[in-house]
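This is what each chain is made of:
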Amino acid sequence: MRLERHPILEFVRGKRITFTFDGESIEAYEGETIAAALHAAGIRVLSRTRSGAPRGLFCAIGKCSSCLMTVDGIPNVRTCVTPIREGMVVESQRGPGKLNPVFRHRPHEAVCKEAEVVIVGAGPAGLSAAKVLLNHGIRPLVLDENPHLGGQLIKQTHKFFGSRAERAGTRGFSIADELVEEIEGEAEILRQARVLGLYCEDGRRVLAVAHAEKLLLVAAKDLVVATGAQERFLLFPGNHLPGVYGAGAVQTLMNVYGVKPGERALMVGAGNVGLIVSYQLLQAGVEVDAVVEAMPEIGGYHVHAAKIRRLGVPILTSHTVVRALGKERVEGAMIAQIDGKFEPIPGTERELAVDLICLAVGLNPSTRLLEQAGAQMGYVPELGGRVPLHSPLMETTVPGVYVAGDCAGIGEASTAMLEGELAAFSLLAKKRFEVREKIALVQRSLEKLRRGPFGERPRTGKEKVFTLMKEVAVG
Ligand SMILES: Cc1cc2nc3c(=O)[nH]c(=O)nc-3n(C[C@H](O)[C@H](O)[C@H](O)COP(=O)(O)OP(=O)(O)OC[C@H]3O[C@@H](n4cnc5c(N)ncnc54)[C@H](O)[C@@H]3O)c2cc1C
């Protein structure tokens, strides 16, 4: 299941190590996550629900609960973002799992810390915000729950579309490397630092962070939240089976860890993500039986569609997945044509012998921390659902808390980088730095990117957010 050759990527693996899974000894490489190592060993059923239904990896970025397992006696560990270590004891769990009594009375001290500016999330938005702050003499504390910095970019092997000024034409993972290089050694960076809670009261902003088996309590003067997005799920019988993945998870397995997610795939969704990931599956040697798209038109760029069609992959519009087949893992998929009301048309069902169903049906902004902090939210479908209301300068309804990137409304890496810069400049303006011209420049670049047919949805969405924000300010 490990990829040895790839047309673009070279996989440099760490030291060989051994761990156990349900008592069985398994070999892995240092630097892999537990879930990636298990997949490489062909193990897809990671845990079971209380009723015994199998559960497998779904998001691979620490956002859902599909990969929770018991590790070294501790239940509910997110194995998709936890690196494997020599001698680890990994066990599948049933339901919520049980805490080993040894840990029950272990004292846990919180470590307190202060920072002038904290940035949550080191994707393109967070990294761009950090760079602007560093350029103005402020050393931010950057927290990211993943072991690698760069957010979604680290698994993008294609050359980016968007604006040249925002590095279009460069492969996603190279953009991530460049952004990280620009701040590494300058900003204070904590990897595998999951922000669990954000408390904003009486002008104080405190973050609860799980890091290196400790609880950190960080008091921040100002805060940029750039937590990105999470993949949407789809309702159909069998969607719980291991082998139903979000498109991002498939990319993480293939492009970050060099692990093949399956042998034959069905892609659900013909937006840019579905089309790009289909091509990446083919590059990894996975057959793609079909791409199904519920809408009558392909949503992504036609250049991406043409690429996979040339390689023999049919794109079936007005089609959907109606069922995943299999008991313990995906062994097939039933697809069907749908009518104008998105209902399957009887007699059009077709079975595909796939072991992988990949969902690329959109993203929702990751807003949990902001909601917890009391930021006012609005439902804006053009931006992916519930979004934090914010001003054109990226400040939320909680003073001193700024947002940027996909968590402020689903967009692209180019707009995420610009919003990160804008949030940082806006924060600097409040601290009386003379940055008015810089703000105007970034705003003009954002407007330019959102012009044109593909910018229409985010442009309309942002206008709605700014209007709602104004209403809140007046009310
Ligand atoms: C297949 C695919 C192809 C794409 N192609 C393009 C393209 O060609 N051009 C383009 O411009 N865009 C493209 N995009 C979109 C682009 O990747 C995203 O819009 C961009 O990555 C969003 O940046 P972000 O910084 O807002 O979020 P992300 O990149 O998602 O980063 C968010 C970061 O926050 C961290 N985080 C989240 N919650 C917490 C927490 N509680 N505690 C600590 N850390 C946390 C995460 O670990 C992550 O590192 C593509 C996306 C996909 C999936």
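Just so you know, these numbers come straight off a predicted model, no measurement behind them.

Caption draft 1: Summary view of the overall build of the chain. A tally of helices and strands in the chain yields 11 helices and 26 strands. Relative to the globule expectation of 23 Å for 475 residues, the C-alpha radius of gyration of the chain, 22 Å, shows essentially globular dimensions. The C-alpha extent of the chain, read off along each of the three principal axes, is 65 × 55 × 45 Å. For the chain, the residues scored as buried account for 55% of the 475 residues in total. Long-range contacts, defined here as pairs at least 24 residues apart, represent 62% of the contacts in the chain between residues at least 6 apart. Counting every atom, the chain has about 21500 Å² of accessible surface; 51% of that belongs to carbon and sulfur. Averaging the locations of the 57 positively and 53 negatively charged side chains of the chain gives two centres separated by 1 Å.

Caption draft 2: Seen up close, the pairing of strand E13 (residues 214-225). The pairing of strand E8 (residues 110-120) with E13 spans 10 bridges and is parallel. Among the inter-strand pairings, Val118 is bridged to a residue of E13, identified as Leu223. Of the strand pairs in this sheet, strand E12 (residues 204-211) and E13 are connected by 7 bridges, and their pairing is antiparallel. Residue pairing in the sheet places Arg205 in a bridge with Ala220 of E13. Here E12 hands over to E13 after 2 residues, with Ala212 in that stretch at a positive phi of 50°. Relative to strand E26 (residues 401-403), E13 is paired through 3 bridges, and the arrangement is parallel. Within E26, the position partnered with Val225 by the bridge is Val403.

Caption draft 3: Inspection of the sheet that holds strand E17 (residues 287-293) at higher detail. Strand order in this open sheet of 5 strands is E15-E22-E16-E17-E18, and the pairing throughout is parallel. Edge positions in the sheet fall to strand E15 (244-246) and strand E18 (315-317), since each has one partner strand and no second. Averaged over all pairs of adjacent strands, the angle between strand axes in this sheet comes to 20°, irrespective of strand direction. In terms of strand pairing, E15 meets strand E22 (residues 356-359) through 3 bridges, oriented parallel.

Caption draft 4: Examining the domain arrangement of the chain more closely. Looking at the assigned domains, one finds that the chain contains domain 1 (16-104), domain 2 (110-230 + 364-474) and domain 3 (244-363). Each of domain 2 and domain 3 has a C-alpha centre, and these two points are 31 Å apart. At the junction of the two partners, domain 2 supplies 16 residues and domain 3 supplies 15 residues. The three residues of domain 2 that bury the most area against domain 3 are Lys155, Phe161 and Phe454, which together make up 45% of that side's buried surface. If you look at where domain 2 meets domain 3, you find 0 salt bridges. Only strand E14 (229-231) and strand E23 (363-365) provide two or more residues apiece to the side of domain 2 that touches domain 3. Class assignment of the residues belonging to the side of domain 2 that touches domain 3 gives a composition of 7 nonpolar, 7 polar and 2 charged.

Caption draft 5: Region of the structure containing a negative patch on the surface. Residues Asp22, Glu24, Asp72, Glu91 and Glu213 make up a contiguous surface patch of negative charge. Looking at the secondary structure, you find Glu24 in strand E2 (residues 24-29). The partly exposed category is assigned to Glu24, whose relative accessible area is 48%.

Caption draft 6: Structural context of the packing of aromatic side chains. Considering all chains together, one arrives at 1 aromatic pair under this definition. Positioned above the aromatic ring of Tyr279 is the side chain of Lys307, whose terminal nitrogen or guanidinium carbon lies 4.3 Å from the ring centre.

Caption draft 7: Layout of the sheet that holds strand E19 (residues 319-325). As summarised here, the arrangement of the 3 strands in space is E19-E20-E21, forming an open sheet in which the pairing is antiparallel. Among the strands making up the open sheet, the edge pair consists of E19 and strand E21 (350-352). Averaged over all pairs of adjacent strands, the angle between strand axes in this sheet comes to 30°, irrespective of strand direction. Inspection of the sheet shows E19 paired to strand E20 (residues 332-337) by 6 bridges, in the antiparallel sense. Bridge assignment links Arg323 to a residue of E20, and that residue is Met334.

Caption draft 8: Representation of the environment of Leu57 within the structure. On the secondary structure map, Leu57 appears in the loop between strand E4 (54-55) and strand E5 (68-71). Sequence separation between Leu57 and Leu241 is 184 residues, and the spatial gap between their C-alpha atoms is 9.5 Å. Among residues more than four places away in sequence, those in contact with Leu57 are Ala35, His39, Leu46, Ser66, Cys67, Cys80, Val244, Tyr245 and Leu253.

Caption draft 9: Structural view of the packing of helix H3 (residues 124-135) against helix H9 (residues 413-430). With their axes 7 Å apart at the nearest point, H3 and H9 run at an angle of 40° to one another. For the pair H3 and H9, the crossing hand works out as right-handed. Contacts between H3 and H9 involve Pro124, Ala125, Ser128, Ala129, Val132 and Leu133 from the first element and Ala413, Ala416, Met417, Gly420, Glu421, Ala424, Phe425, Leu427 and Leu428 from the second. Counted by class, the contact of H3 with H9 contains 12 nonpolar, 2 polar and 1 charged residues.

Caption draft 10: Looking closely at the nonpolar core. With 67 residues, the main nonpolar core has Val118, Leu207 and Leu223 as its most contacted residues. Among the elements that make up this core, the one with the highest residue count is H9 (10 residues). Setting aside residues up to four positions removed in sequence, Leu223 forms contacts with Val118, Val120, Leu198, Arg205, Leu207, Gly400, Val401 and Tyr402. In this structure, Met69, Met88, Leu281 and Ile298 belong to the second largest nonpolar core, which totals 54 residues.

Caption draft 11: Just the pattern of salt bridges, in detail. Under the criterion given, the structure shown has 22 salt bridges. For Arg167, the salt bridge identified is with Glu182, shortest N-O distance 3.3 Å. Here the residue Arg167 occupies a position in the loop between strand E9 (141-143) and helix H4 (172-183), and Glu182 occupies one in helix H4, the gap between them amounting to 15 residues. Exposure remark for Arg167: the relative accessible area of 18% places this residue in the buried category. One salt-bridge network, in which partners are shared between bridges, spans Lys131, Arg167, Glu178 and Glu182.

The rules we used
Residues numbered from 1 in each chain as written. Predicted model: local features only at pLDDT ≥ 70, side-chain atom pairs only at ≥ 80, totals over all residues. Heavy atoms only, no water. Helix = DSSP H or I, 4+ residues; strand = E, 2+ residues; numbered from the N terminus. Rg over C-alpha atoms; globule rule 2.2 N^0.38 Å. Buried < 20%, exposed > 50% of the residue type's maximum accessible area, 1.4 Å probe, protein only. Contact = heavy atoms within 4.5 Å. Areas by Shrake-Rupley, 256 points an atom, 1.4 Å probe, with all protein chains shown as cover. Lys, Arg positive; Asp, Glu negative; His and termini not counted. Charge placed at Lys NZ, Arg CZ, Asp CG, Glu CD. Pairing = 2+ DSSP bridges. Axes fitted to C-alpha atoms, helices over the stretch in contact; angles between N-to-C directions. Domains from an automatic or database assignment. Buried area = accessible area lost by both parts, 1.4 Å probe. Salt bridge = Lys/Arg side-chain N within 4 Å of Asp/Glu carboxyl O. Nonpolar A, V, L, I, M, F, W, Y, C, P; charged D, E, K, R; others polar. Patch = residues over 30% accessible without salt bridge, like charges linked within 9 Å, V, L, I, M, F, W, Y side chains within 5 Å. Phe/Tyr/Trp six-rings, centres within 6.5 Å; stacked < 30°, edge-to-face > 60°. Lys NZ or Arg CZ within 6 Å of the ring centre and 35° of its normal. Left-handed = near helix turned anticlockwise from the far one by under 90°. Core = buried A, V, L, I, M, F, W, Y, C linked by side-chain atoms within 4.5 Å.

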